[in-house]
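Analysis of the macromolecular model
Listed below are the residues making up each chain.
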Amino acid sequence: MNLESLPLFPLHTVLFPGGILPLRIFERRYLDLIADCLRNDRGFGVCLISAGREVGAAADAFPVGTSARIQDWDNTPEGLLSITVRGERRFRILHREVRADQLSVAQIEWLADVPACALPLEYAPLARLLDRLLDDLEPPFKTLPRALDDAEWVGARLLELLPLDPLEKLALLELDDPLVRLATVAARLGIK
């Protein structure tokens, strides 16, 4: 078993591998985390909050999340740190500790990568819908390199953009079969 230590950034959202997530950072623990990640070319884990809030005391998180790497950063006119991260790999938390500064650090195991899978013809309407959605968004979403023929990529991007319950998104993140994800998205949208 390949265990690693990974700092956590619990949020009320689910990030999938390959996805992008803009964040505004203002809490000292996360400013320090981002500085460390940039200095040491490291990532951190994004997990869905199971109890608690995004600010203040460390929130509890569901055990499956996605590692994230900083793609871009800038300071906002309001004095906040604005970053964009890209999801990399899924992981499972085995043990978590909360440091004095309320930063959670977990011992994690990496989950298997979801295999690439060609988009079946029956799901082409989902790829077209995603293409239109991305065209209507601002960067960084609009400029995201597209893989509209990849079932995993299409399903994950739609799940990130659609207003579904975060617990449903988390359950679909945990799946290893991209076609099951696509079938679920198609059913939720009444496509097929």
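Relevant structure appears above.
Each value, and the rule that gives it
Residues numbered from 1 in each chain as written. Predicted model: local features only at pLDDT ≥ 70, side-chain atom pairs only at ≥ 80, totals over all residues. Heavy atoms only, no water. Helix = DSSP H or I, 4+ residues; strand = E, 2+ residues; numbered from the N terminus. Rg over C-alpha atoms; globule rule 2.2 N^0.38 Å. Buried < 20%, exposed > 50% of the residue type's maximum accessible area, 1.4 Å probe, protein only. Contact = heavy atoms within 4.5 Å. 1 Å grid on protein atoms, 1.4 Å probe; cavity = no way out; pocket = protein on both sides within 12 Å on 5 of 7 lines; lining within 4 Å. Points joined across faces, edges and corners; volume = space filled by probe spheres on them. Nonpolar A, V, L, I, M, F, W, Y, C, P; charged D, E, K, R; others polar. Core = buried A, V, L, I, M, F, W, Y, C linked by side-chain atoms within 4.5 Å. Arc of directions from axis to C-beta. Polar contact = N/O pair within 3.5 Å; in protein donor to acceptor, adjacent residues only side chain to side chain. Axes fitted to C-alpha atoms, helices over the stretch in contact; angles between N-to-C directions. Parallel < 35°, antiparallel > 145°, perpendicular 65-115°, else oblique. Left-handed = near helix turned anticlockwise from the far one by under 90°.

A count of helices and strands for the protein gives five helices and six strands. When the elements of the protein are put in sequence order from the N terminus, they spell out β-β-α-β-β-β-β-α-α-α-α. Taking 192 residues into account, the globule formula puts the C-alpha radius of gyration at 16 Å, and the protein, at 17 Å, falls close to it. In the protein, which comprises 192 residues, the share counted as buried stands at 43%. Partitioning the intrachain contacts of the protein with sequence separation of at least 6 by distance along the chain shows that 67% fall at a separation of at least 24.

Turning our eyes to something else, we now look at empty space enclosed by the protein. This structure, assessed with the given rule, holds two cavities of 30 Å³ or more. Put simply, the largest cavity is a space of about 40 Å³. Taken together, I20, L134, F141, L144, R157, E160 and L161 form the lining of the largest cavity. With three residues, the top contributor of residues to the lining of the largest cavity is helix α3 (residues 151–161). The class makeup of the residues in the lining of the largest cavity is five nonpolar, no polar and two charged. Space inside the second largest cavity adds up to approximately 30 Å³. Along its surface, the second largest cavity is lined by T13, V14, L15, V46, C47, L48, V64, G65, L170 and L173. Of all the elements in the fold, those that place two or more residues in the lining of the second largest cavity are β3 (44–51), β4 (60–75) and α4 (166–173).

Counting through the fold element by element, E27 comes out in the loop between β2 (20–25) and α1 (28–40). On the accessibility criterion, E27 (17% relative accessible area) is buried. In contact with E27, other than residues within four places in its own chain, are E54, V55 and G56.

Here the focus is the environment of L129. Tracing the chain through its elements places L129 in helix α2 (residues 124–136). In sequence terms L129 and L158 are 29 residues apart; their C-alpha atoms lie 8.7 Å from each other. For L129, the residues in contact, after removing those within four places along its chain, are L158 and L189.

Ranked by size, the top nonpolar core spans 28 residues in total, and within it L119, L126, V154, L158 and L182 carry the most contacts. Elements supplying a minimum of two residues to this core: α2, α3, α4 and α5 (178–189). It is α3 that provides the largest number of residues to this core, a total of six residues. Among residues more than four places away in sequence, those in contact with L158 are L126, L129, L130, L133 and V185. Membership of the second largest hydrophobic core comes to 19 residues, among which are I34, A68, L81 and I83.

Another aspect to go through is the environment of Q71. Among the secondary structure elements, Q71 is positioned in strand β4. On the accessibility criterion, Q71 (45% relative accessible area) is partly exposed. Counting along the chain gives 14 residues from Q71 to V85, while the straight-line C-alpha distance between them is 5.2 Å. Setting aside residues no more than four positions away along its own chain, Q71 makes contact with T84, V85 and R86.

Attention now moves to α4. Residues of α4 that are buried include every one of K169, L170, L172 and L173, and no others. When α4 is viewed along its axis, its buried side chains cluster within an angular range of 165° and face the same direction. Contacts made by the buried residues of α4 are with β3, β4, β5 (81–98), α3 and α5. The residue sitting at the N-terminus of α4 and contributing the capping side-chain oxygen is D165; that oxygen lies 2.7 Å from the backbone nitrogen of L167.

Another point: the packing of α4 against α5. The contact between α4 and α5 brings their axes to 10 Å, and the two run at 155°. With respect to their mutual orientation, α4 and α5 come out roughly antiparallel. Here α4 and α5 pass one another in a crossing that is right-handed. Counting all contacts with α4, which are made through E168, L172 and L173, the residues of α5 involved are R181, T184 and R188. In terms of residue class, the contact of α4 with α5 is built from two nonpolar, one polar and three charged.

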